[in-house]
Amino acid sequence: MTMIKTIWKWILRPLLVLLVVVSLVLVITGNSYVFRGVLLTYLKGEKTANIDDYKDFDNRLIKTKTPIAWQKDPRYGQIKLTPTLQNALDNDNTVAFAIIKDGKLLYENYWQGYSAQSHTNSFSMAKSITTMLYLKAVEDGYISSVNEPLTKWLPEYADNTYAKDCTLADLSAMTSGYDWQEDYYWPLNPTAKAYYGHDLVKHITSLDFAEACGGAFDYSSGDTQLLGIALSRALAPHGYTISSYLEEKFWQPLGMQGDAYWSLDGAKNIEKVYCCLNASALDFAKFGQLLLNKGEWQGQQLLSQEHVNLMITPNAAAFPDGYAQIYGHSIWTDMDSSVPFYAMLGHLGQRVIVLPEDNAIIVRLGKQKGLPTPVKGFHLEPDLGQYVSEVKTILDTLPEAQ
């Protein structure tokens, strides 16, 4: 009994007091979202958000209508990956990998119990899709132009010295000067609060702009969420949510094979557009094909060629002379690499990579980023160079289609 009292007095009671004090501080400072974050990550054995966590959030359903399966290349089922690529995919927590060539499915494989029907989190690949939606809203006349002033849809910033000169294009190019900390692991930061918090609009619009817009590229999930708030407000008078607009303008016209789920903030008010569109690998691939097709899909121009070019063309003004120009408008670019490509990328190695010179698309989904040896001549994350160079080897040695 004496031992129990000693443990209580000198260990358990101080820990309990500390826990109560920390909890009160988190609540008082508006950081109670940390409790939800801990519950959905650390207590599940995770260090960050995970690819299946859409089940832990409220979502808006995006329905397919008339599914169109990928036509299979005549060489489907005959393709062997290079040993280097096979080893990487087998050992880096990949769950899906596919190659599309000339609009046809050349190769697909799945790991760890995932399948062609599995829904997983897009993470930041959703940024590219959000920008497609904003550009489509311009084409539909719901937003007057690509360069519409930010403050038209975000009057919260009407008197802000920097924000009043910003346009929506500054958000899609990530040159807004918005004060944001991009961090997926430390729990006390704006990114974590956006992911696990309650009122996303309130959170995002409570932050300031730190510098003039139109300057250097600075990657920011906050920029995309600001764009999403503007888009949501532009669409609402016309009866759309962001999800229903995606469903009508892209999801159903593309003949997606399955439904999708876009996770909402805690208040169930708005999609987390900087992340969190949950779909299958081969449905994500269709967005890459749409970009490769310059916005055309089976005779329909779903997005103008002008707007596709805006997205995939490096925004040269945002990068100093002599530096790689790695970003357009919500699309990563490495057009000066030995195998030119552009891509939609996500936090845990989500990739839809477009190789325009080879008329090909690579899709890789996983539970972590691949960690291969960097490949010389590429400027983005090292796994991209390996996926691109190894797939290029496969494409260059393909047997003739029978």
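Keep in mind it's a predicted model, so treat the numbers as computed, not measured.

Novice: I keep staring at the packing of helix α4 (residues 125-139) against helix α12 (residues 305-312) and nothing clicks. Help me out?
Specialist: Two packed helices can be described by the angle between their axes and the distance between those axes. One way to put it is that α4 packs onto α12 with a least axis distance of 10 Å and a crossing angle of 145 degrees. Note that α4 runs across α12; the crossing there is right-handed. On α12, the residues touching Ser128, Thr131, Met132, Leu135, Val138 and Glu139 of α4 are His307, Leu310 and Met311. A class-by-class count of the residues in the contact of α4 with α12 yields five nonpolar, three polar and one charged.

Novice: Teacher, can you tell me more about the environment of Arg60 here?
Specialist: Checked against the element boundaries, Arg60 lands in strand β1 (residues 59-62). Placed 217 residues apart in sequence, Arg60 and Leu277 show a C-alpha to C-alpha distance of 9.6 Å. Filtering out sequence-adjacent residues up to four positions away, Arg60 remains in contact with Thr241, Ser243, Ala260, Tyr261, Trp262, Leu264, Lys268, Asn269, Ile270 and Glu271. For Arg60, the side chain forms a polar contact with the side chain of Glu271, separated by 3.0 Å.

Novice: Help me understand the environment of Ala236 in this model?
Specialist: Position of Ala236 among the secondary structure elements: in the loop between α9 (221-235) and α10 (242-251). Each C-alpha atom of the pair Ala236 and Tyr142 lies 9.7 Å from the other, and the pair is 94 residues apart in sequence.

Criteria and thresholds
One numbering rule holds for all chains: residues counted from 1, following each sequence as written. Totals for whole chains, interfaces and linings use every residue, but because this is a predicted model, local features are given only for residues with pLDDT of at least 70 and side-chain atom pairs only at 80 or more, for both listing and counting. Only hydrogens and water are removed before side-chain values are computed, so all heavy atoms of the structure are retained for them. The axes are straight lines fitted to the C-alpha atoms, using for helices just the contacting stretch, and the angles between their N-to-C directions are given from 0 to 180°. For helices the rule is a DSSP run of H or I covering at least 4 residues; for strands it is a run of E covering at least 2, with both sets numbered from the N terminus onward. The sense of a crossing depends on the near helix, which, turned anticlockwise from the far helix by less than a right angle, makes the crossing left-handed and, turned clockwise, makes it right-handed. Contacts were defined at the residue level, with two residues in contact if any of their heavy atoms lie within 4.5 Å. The nonpolar class holds Ala, Val, Leu, Ile, Met, Phe, Trp, Tyr, Cys and Pro. Asp, Glu, Lys and Arg form the charged class, and all remaining residues, Gly among them, are polar. Polar contacts here mean pairs of N or O atoms no more than 3.5 Å apart (in protein, one a potential hydrogen donor and the other a potential acceptor; neighbouring residues in sequence count only if both atoms are side-chain atoms).

Remember, this is a structural readout, not a statement about activity or role.
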